[in-house]
Amino acid sequence: MREIRYREALNEAIAEEMERDERVFLIGEEVGHYQGAYKVSAGLLERFGDRRVIDTPIAEAGFAGVGIGAAMTGLRPVVEFMTWNFSLVAFDQIVNNAAKARLMSGGAISVPIVFRAPNGAAKQVAAQHSHAVEALYAHIPGLYVVAPSTPRDAKGLLKTAIRSDDPIIFLEGELLYNLKGEVPDADADELIPLGEARVGREGADCTLVAWGPSYHRALSASAKLSEQGIECEVIDLRSLRPLDSATVIESVRKTNRCVIVHDTWPYGGPGAELVDRIQRDAFDYLDAPIGRVTGHDVPMPYASELEAQVLPTDERIVKAVRRAAYQE
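Keep in mind the model is a prediction, meaning the values are calculated, not measured. (Residues numbered from 1 in each chain as written. Predicted model: local features only at pLDDT ≥ 70, side-chain atom pairs only at ≥ 80, totals over all residues. Heavy atoms only, no water.)

### Overview of the pairing of strand E13 (residues 258–262)
Alright, step 1. When you tally the buried positions in E13, you get five out of five residues, the bulk of the element.
Alright, step 2. What you see with E13 is no split at all: Cys258, Ile260 and His262 on one side and Val259 and Val261 on the other are buried throughout.
Alright, step 3. Here strand E10 (residues 206–210) runs beside E13; their pairing, made up of three bridges, is parallel. Within E13, the residue paired with Val209 across the bridge is Ile260.
Alright, step 4. One ladder, built from four bridges, connects E13 with strand E14 (residues 291–294); its direction is parallel. If you follow Ile260 over to E14, its bridge partner there is Arg292. (Buried < 20%, exposed > 50% of the residue type's maximum accessible area, 1.4 Å probe, protein only. Helix = DSSP H or I, 4+ residues; strand = E, 2+ residues; numbered from the N terminus. Pairing = 2+ DSSP bridges.)

### Describing the pattern of salt bridges
Should their charged atoms come close, side chains of opposite charge can pair.
Alright, step 1. Inspection of the entire model under this criterion finds 26 salt bridges.
Alright, step 2. For Glu273, the salt bridge identified is with Arg277, shortest N-O distance 2.8 Å. Separated by four residues within a single helix, Glu273 and Arg277 lie in helix H10 (residues 270–281), roughly one turn from each other.
Alright, step 3. Residue Glu273 is classed as partly exposed on the basis of its relative accessible area of 35%.
Alright, step 4. The salt bridge involving Arg280 is made with Asp276; its shortest N-O contact spans 2.9 Å. In this pair, Arg280 and Asp276 are both assigned in helix H10, four residues apart and thus about one turn of the helix distant.
Alright, step 5. Each member of the salt-bridge network shares a partner with another, and the members are Arg2, Glu12, Glu16, Glu17, Arg20, Lys155, Lys159, Arg163, Asp185 and Asp189. (Salt bridge = Lys/Arg side-chain N within 4 Å of Asp/Glu carboxyl O.)

### Regarding the domain arrangement of the protein
Alright, step 1. Domain annotation of the protein identifies domain 1 (2–188) and domain 2 (198–324).
Alright, step 2. For domain 1 and domain 2, the distance between their C-alpha centroids amounts to 26 Å.
Alright, step 3. Taken together, the 30 residues of domain 1 in the interface contact 27 residues of domain 2.
Alright, step 4. Overall, the association of domain 1 and domain 2 removes approximately 2100 Å² of surface from exposure, summing both partners, and the carbon and sulfur fraction of that is 59%.
Alright, step 5. Together, Gln124, Glu134 and Ala147 form the three largest contributors to the area buried by domain 1 at its contact with domain 2, with a combined 25%.
Alright, step 6. On inspection of domain 1 and its partner domain 2, the count reaches two salt bridges.
Alright, step 7. One salt bridge in this structure joins Arg198 and Asp153, with 3.3 Å as the shortest N-O distance.
Alright, step 8. Counting across the interface, domain 1 meets domain 2 through 13 residue pairs in polar contact (both at pLDDT 80 or more).
Alright, step 9. Here the residues of the side of domain 1 that touches domain 2 are counted per class, giving 20 nonpolar, seven polar and three charged. (Domains from an automatic or database assignment. Contact = heavy atoms within 4.5 Å. Buried area = accessible area lost by both parts, 1.4 Å probe. Polar contact = N/O pair within 3.5 Å; in protein donor to acceptor, adjacent residues only side chain to side chain. Nonpolar A, V, L, I, M, F, W, Y, C, P; charged D, E, K, R; others polar.)

### So, the sheet that holds strand E7 (residues 168–173)
Alright, step 1. Spatially, the seven strands line up as an open sheet ordered E3-E2-E4-E5-E7-E6-E12, and their pairing is mixed. If you trace the sheet from one side to the other, it starts and ends with strand E3 (53–55) and strand E12 (239–241), each paired once. Across this sheet, the average inter-strand angle for adjacent strands is 20°, counted without regard to direction.
Alright, step 2. Summarising the sheet, strand E6 (residues 144–146) and E12 pair through two bridges and their orientation is antiparallel. Bridge pairing in E12 links Val146 to Ser239. (Axes fitted to C-alpha atoms, helices over the stretch in contact; angles between N-to-C directions.)

### Some words on the packing of aromatic side chains
Ring pairs (aromatic) are described by centroid distance and by the angle formed between their planes.
Alright, step 1. Taken as a whole and assessed by the stated rule, the structure comprises seven aromatic pairs.
Alright, step 2. Aromatic side chains Tyr6 and Tyr177 sit 6.0 Å apart centroid to centroid with 75° between the ring planes, which places their arrangement in the edge-to-face category. Pair noted here: Tyr6 is in helix H1 (residues 6–20) and Tyr177 is in the loop between E7 and strand E8 (180–183), with a separation of 171 residues, a long-range link. There is no split in this pair, since Tyr6 and Tyr177 are both buried.
Alright, step 3. Here Tyr38 and Tyr177 contribute two aromatic rings whose centre-to-centre distance is 4.9 Å and whose plane-to-plane angle is 25°, an arrangement assigned as stacked. (Phe/Tyr/Trp six-rings, centres within 6.5 Å; stacked < 30°, edge-to-face > 60°.)

### Regarding the packing of helix H9 (residues 245–255) against H10
Alright, step 1. At a minimum axis separation of 10 Å, H9 and H10 run at an interaxial angle of 55°. Judged on the interaxial angle alone, H10 and H9 are oblique. In this structure, H9 meets H10 at a crossing whose hand is right-handed. Only Leu274, Arg277, Ile278 and Asp281 of H10 make contact with H9, whose side of the interface consists of Ser245, Val248, Ile249, Val252 and Arg253.
Alright, step 2. Split into classes, the residues belonging to the contact of H9 with H10 amount to five nonpolar, one polar and three charged. (Parallel < 35°, antiparallel > 145°, perpendicular 65-115°, else oblique. Left-handed = near helix turned anticlockwise from the far one by under 90°.)

Encoded structure:
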């Protein structure tokens, strides 16, 4: 094991898969000569050449379509958007072509493609650059939606995604690129299955469910709650489609309480799907209503003070858990 940054873990995953399989290539805005907007593709152009690391114009619908077509012919593209906000320009390609090709071809056509980009808020990039898009893409049958929160998961899940025969939406927390964490040595070739959640902290009093950047807020809030005598079990979903409800249900049956934390808007968000599954499969175990701490239902403001209040905070999470424990 060694400690590297989240962005370096992603870089290693792409490089190792390109080395392993000559069908894998990287395409997107500034992935080559600029080495990626967030330097995820640093060194890949020099290592693999411009036939496998391809710079594109600012034309998301165009290069997403090129990637989908390449995947249909047997290649394995990794398509990088500068941010998931810009993927909305390519929404038609992703939803009507990548997601539906296998079904509409009767299984004759696979689309082994990974769409990846930073997701959610950064630091003062305002409303048009701060979308957390997981609810949009998790709604679509045919797409897998992955949201790693640690360097180890980022590498292991991306390697699995690149080897998948289905289209993958890979959401990289924009605030996580500098996060350091332990990652296995390269020769370990660790693959992390899609659809398996991880228990990041054990506890007996309340289940906290989160993913991406919100997972770290949930951990921080759980440490503060521990000082108040409330021990939370913190679950990192890691992927939203497929969704590992079994791990969540098992935890709720133990703790009898649950609070869901995510950055995206509350209306129709992934938290609502989780609430439905929990109340159907663990209703008799619940001692309190299921809580949700989400991004506020507004476009993201530019001002840093307001931005901080729109996203889930430790204080909001603590309050929600205390309410579930009938201490508020």
